[in-house]
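# Architecture and fold: a report
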Amino acid sequence: MQFDDVILGRRSIRGYKPDPVPRALIEEIIGLAMRSPSSMNTQPWNFYVITGEPLDRIRAGNTERMVAGIAQSREFRTGQPFAGQHRDRQVGVAKQLFSAMGIARDDKDGRQDWVLRGFRQFDAPVCVIVTYDRVLDGSDDTPFDCGAVTTALVNAAWSRGLGAVINSQGIMQSPVVREHAGIADDQVIMKSIALGWPDDSFPANAVVSQRKSVAEATVFVGFDG
């Protein structure tokens, strides 16, 4: 697959086939992703790749605690709720997804089921948890570098026919994640990636989120014209 095909074709996948993903293929994808640049070559990232029964235990524990009203315990800072144009974009993609899934505005059960899917890592056969070295906590460069490697990972997966969606819903309850993934104390849990073979019959998988234009996002300085 050509680079442009990957970048232009990739989309977030929220419905997966149950088929397992070979470990060798995941290792290949992570190896490609780790060619990403990092500040002073610090390479702050690590990956915990979970499947099978341990992943099922994370899904169950994360969902049960969230439904029970236990406060989320994400370890990477969450920031303030989105507002203005950023909130508008968040709402916009949600409308696209709900429309594709046939979930009406007043369909409380349908919306709740969608939320629960997120807590279950969208029932993907594999979850990749991205962590960074705790000794670097507070560094501005570290989350930037981890974002770069995560983007590279989902693009590498797409180039190999796999789908992915970067998410935080599946790691809301960090004690559950730490216990069943065996995450070392010297690591901070940053993000998770649901990974697997796309289910082409799942309506939301056809959604392509809108992007603002180059003209909206870019300021050119010192160019003629």
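One can find the structure itself at the top, above this paragraph.
For clarity, every value in this text was computed on a predicted model and none was experimentally measured.

## A look at the pattern of salt bridges
Summed over the entire model, instances satisfying the criterion amount to 7 salt bridges. E53 is paired through a salt bridge with R57; the nearest N and O atoms lie 2.8 Å apart. On the criterion of helical spacing, the pair formed by E53 and R57 is a turn pair, its members being 4 residues apart in helix α3 (residues 52-67). The shortest N-O distance in the salt bridge between R59 and D56 comes to 3.4 Å. Of this pair, R59 and D56 are both found in helix α3, 3 residues apart, which corresponds to roughly one turn of the helix. Of the residues examined, D56 reaches a relative accessible area of 44% and is grouped as partly exposed.

## Structural notes on the sheet that holds strand β4 (residues 187-196)
Within the open sheet, the 4 strands sit side by side as β1-β2-β4-β3. Their pairing is antiparallel. Two strands in the sheet have a free side with no partner beyond their single neighbour: β1 (45-51) and β3 (163-167). Each strand axis lies, on average, 25° off the axis of its neighbour in the sheet, ignoring direction. Alignment of β3 against β4, held across 5 bridges, turns out to be antiparallel. Considered in β4, the bridge of A164 is made with L195. Relative to the sheet, helix α7 (residues 174-181) contacts β1, β2 (126-133) and β4, its axis offset from that of β4 by approximately 75°.

The rules behind each value
Residues numbered from 1 in each chain as written. Predicted model: local features only at pLDDT ≥ 70, side-chain atom pairs only at ≥ 80, totals over all residues. Heavy atoms only, no water. Salt bridge = Lys/Arg side-chain N within 4 Å of Asp/Glu carboxyl O. Helix = DSSP H or I, 4+ residues; strand = E, 2+ residues; numbered from the N terminus. Buried < 20%, exposed > 50% of the residue type's maximum accessible area, 1.4 Å probe, protein only. Pairing = 2+ DSSP bridges. Axes fitted to C-alpha atoms, helices over the stretch in contact; angles between N-to-C directions. Contact = heavy atoms within 4.5 Å.

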